[in-house]
Every structure is written in C-alpha cells, then in structure tokens.
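# Descriptive structure summary
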Amino acid sequence: MAKMKIGAAVPLLLFLMLILCVKEGFAAPGASSILLSSSCSSTFNKQQDTISSAGGTNSVDILSSTSACSWNVTSDSSWLSILSGGTGNGALQYSASVNTGIYPRHGRLLLSNSTFSVTQLGTEMYFMAARWGFAGSGDGQFNSPRGIAINSSGYVYVVDSGNNRIQKFDSNGNFIAKWGSAGSGDGQFNAPFGIAVSPSGFVYVSDTSNTRIQKFDSNGNFIFWWVPKYAAAGLATDSSGNIYASNCQGFHVYDPNGNKVSPIADLGCFNKNQNPTIAVDSVGQVYHSVYSSAYGRTSEEIIKNDPAATNFLSSGSFGSDDGQFSYIQGLAIDTAGFVYVADSGNNRIEKFAPIIGEQHAYQVDANANSTANTWLDTRIDITAGKQLTITASGSACLGSNMCQGPAGGSGNFNGCPFGALVAKIGSGSQFCVGPNFQQIARSSGRLYLAYNDENYSDNSGVFYVTVNVNASTVQTSPVYRFYNSQLGFFFYTIYESERDFILQNLPQYQLNGVSYYGYK
C-alpha cells in the first residue's frame, strides 16, 4: 500500500481535522460542495406529488441520517422554484407558478441521491362521453337539432328545429318531455334555433324565422316574447341571468326582461347561411363554434373566446364518428364542466366530459389478446401538435415462455417487436411505444394501447402504463379574417404572406382583424 505524503505547508493537525469534517459530512471552508459520506445522507420522504393549476407554495419533507446533514435541492423546471434549504430532518418549501394551459406539466426537485417529481394539473380537457338521438319525429328523435341548454338540475333542453318543438332529457339522454308546434302563436315556432336556461330556470328560445325570442318556465309554459335587434340564432345565459343572442352580426346581451344591455363582440360567420353557436360557462367564459374553411367545409371547431385560444375543445372533422361533427348548431356547458353539442347534420347530441389534469394510468393485459391486437381505449383525444409521453413498466409473456418488458422481444409483428407495448391514434397505423415514448403528435384522434400479439393464445402478465399529454410545443398563430362586401362572405387565412397579398392587391376584401388562433 502506498504511503500518503503530506506537504510541509500543511500541518498534521489541520489535515486530521479535514479528514474528520469529511467523515461527518461538513463542507470544508471555501469548498463549493463535498459529497456526503455513507454515514450522512438525505432523501425525500416521498417520490411524487400532484398540485393544482393555481400554483402557490407547497412543501415536501426531507429525511436525513444525522442532524448535521445539509441538503441543497435544485429544480429542473423554470416554473418550479426552491424557497428554502436546510439540514437534518425538515420541510423543503417550493413554489409553482400558475399553469394557464389546459394540460398538466411535470418537473422534478433534485437532491444528491433522491428525486421528487411534481405534476401540476392543467385547467381542463375533454373526451367523448355519450351521444343519443337519430332522425325522426318521435320522442327522442330529431330533425335538424340546433340549440341545446342545461338547467341547474342537469336536465338537457334541445331545439328540435325541423319538428318545431323543444325536447327535454335527463343528463344521460333519456326523454322527459316536449312542447311546441309549427306556427306564429304564443308557444309556437318557425324554425327555432337557439335555447338557453337562466339560473332561475327560465327557458329562452330564439324563434328565428318569427324574429323573436320566447320565454318559458322550466315545464314549457309560455310567459312572453320580445323582438331582438337582429334575428337571433344562438342563445346563452350567464350567472346573472343575462341572455346572449348571437348571429352573423355578432352577439348582443339582454336582461331577463328582454331589454338590451350591450353588444359584446363580432363573432362572424362564413356566409349568411352559417350562424355561430354560443355558450357561457359558470365562470363567464364564452365558447363558440367556427368553421375552418369558407369553401369545402373540411373541419369544425369549438373554441373559447380567449385571446390565447390554444384550448380548442375539439379540432373536429366532418363525419359521423364519435367526436366528429356535421354542422354544429348548438352548445351548452353544465355546472360540472360537461360540454353538450347539437350535431345537427347527424341528428344527434354529443356529450364531452372534462378531464381535470391529464396524467392517466392504465393496465394493458396480455391475456386480453388472443389472435390479434386488442386495443384498449384510453378515452384520450389527441390533438396534433401536442407532446405525447407514454411510460410503461411490468412484464408480460408471449406464449408460454417468451417473457419480456414493454420493449418486447426480437421478433416482428406489424413493424414492432413481438410482445411490445404499441399504440395508435385514431384509425392510423400502430407505432412502437416500449418503456419510454415521447413525441409531438402529428395526427389527431383517440389514443389506443395494445399488447403486440399475433396468434398466441396463452399470454400472461400486465404492463402498467402512464400517459401524459403536455402543452403544445407548437406556437399558435393568428387567423385573419377578411370580408368581401361585394359577394357578402368572409375569407380566413393563417398566413401573413397571404394576408399581405390581399391587402396590397385585393381592395374588395376588408381586413376585420384576428378572428381566433390556430396551428399552422
């Protein structure tokens, strides 16, 4: 064993004191840090926590082997700040800023030999929860349903426009009652469009072709009607009982007696046959529907009337599948945050449920697979541009003895290893997930998970899977709206170059400003 040589400039006593300090876990004077020895260690008392989107100050306990152990914690996220340090056993104070996005975010607090994960919830997200109705004139059937509203007890009112009546359902779509018939008398309708229920339970209906708004009690008994400034289409009420009436000229606000309060905003529409629908939630946030193309009508969207407007309820597409729309004609939000959509072209009502936060846990059971992939519906609707993170653990066996983790074996089935965890978005092709997957989603649709099996019937085991959908890393861009007064329709573009070309070369198009925000 080699002998240690100490320079003459270092007294033996000082050297021995330095050895003692290192052993007991103290930092030498002037040193930035010294690793704790095996006799002095500090760890978090738990591995993770979930906090609300509101942020604020929180704490986590730290356990140390001795009272002299000092700990210095760092954060790997800009929104997560350390407020205190300490020694021995104690509580670490940390703070989180407000998360204004709808999706959660994830950060970590780091100790020398311990990690504490923090998930901060987002504000909201929605998935398809229910639907009901089909074409017809019987109870619970529809002919071009339009407006939709929910009262404080959860009852759903639908304007069955083509049948000139109002139908009432419970929150699960069971028929309760109906009233109305074709005509211009009190309580009769001519192509009614919008409907709203006030906090007091009064029901307001925009009797559009009769150019009036009618007021009823909760059972459909007529009270009175008034003539709005413009023929109203969409209707909504706020927590004060005010009535919002929308059409292509914008939307106006009336008090419960039909007196106009004020104009609020110009929502716009693509031509005079398309009216924007409108809804107001419990905190006064206005929602409305838009069409993303003036020609061809390739998609429909429901957005919040928010300058940031990154929080689309659904990017939507035309169709009859879950989450698709064919002419959105009514919107409503209940007190629990569920969103109801009158999908007029499909003669049905669609119901979307909110997800508070967005970390979801699943079990993918290998036993569920027999002769092909059996897809587990995560009930998460992915929007292109969002960051999708999937982590998995556990062990499963393909057949009798081919056991492995989520990465799978060495074979190949549908482009991924045998026995691996796989996923797909909508009806797209499956992709390999394995134990860790992180990618920006390039398509929109429902997320499905599966155990990658071909034809084995004696599988066993379970994968434990966590899915996170984080705020988009793709920045939103303003969508500019132009109006052609000669032709009477609007034109929209998200591209600055196209905006500038129109301004310079097409004077018949007048720029109305930014309509909403979207992804390029």
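These lines cover the structure that appears in this document, whether it is placed above or below.

### Points about the sheet that holds strand β15 (residues 175-179)
The sheet built from four strands is open, its strands ordered β12-β13-β14-β15 with antiparallel pairing. The two strands at the open ends of the sheet, each matched to only one other strand, are β12 (145-150) and β15. The average angle at which neighbouring strand axes cross in this sheet is 20°, direction not considered. Relative to strand β14 (residues 165-169), strand β13 (residues 156-160) runs antiparallel, the two sharing five bridges. Its bridge partner being in β14, V159 is matched across the sheet by I166.

### Observations regarding the pattern of salt bridges
One pass over the structure, following the stated rule, counts seven salt bridges. For R348, the salt bridge identified is with E350, shortest N-O distance 3.5 Å. The pair formed by R348 and E350 is uniform in burial state, with each residue classed as buried. R499 is the partner of D500 in a salt bridge, and the nearest nitrogen-oxygen pair spans 3.0 Å. Judged by relative accessible area, D500 falls into the partly exposed class, the value being 29%. The exposure class assigned to R499 is buried, which follows from its relative accessible area of 19%. A cluster of three or more residues bridged by salt bridges with shared partners is formed by D343, R348 and E350.

Rules of the game
Once a new chain begins, its residue numbering starts again from 1 and follows that chain's sequence as written. Side-chain atom pairs in this predicted model are given and counted only at pLDDT of 80 or more, local residue features only at pLDDT of at least 70, and totals for whole chains, interfaces and linings cover all residues. In computing side-chain values, all of the structure's heavy atoms are included and hydrogens and water are not. Two strands are counted as paired when DSSP detects at least two bridges linking them. Elements are defined by DSSP. Helices are runs of H or I of four residues or more, strands are runs of E of two residues or more, and each kind is numbered from the N terminus. For helices, the axis comes from a line fit to the C-alpha atoms of the stretch in contact; other axes are also lines fit to C-alpha atoms, and the angle between any two N-to-C directions lies between 0 and 180 degrees. Only one rule defines a salt bridge in this text: a Lys or Arg side-chain nitrogen within 4 Å of an Asp or Glu carboxyl oxygen. Relative accessibility under 20% of the residue-type maximum defines a buried residue, over 50% an exposed one, and the middle range a partly exposed one, all with a 1.4 Å probe and only protein chains included.

These values are about where atoms sit, not about what they do.
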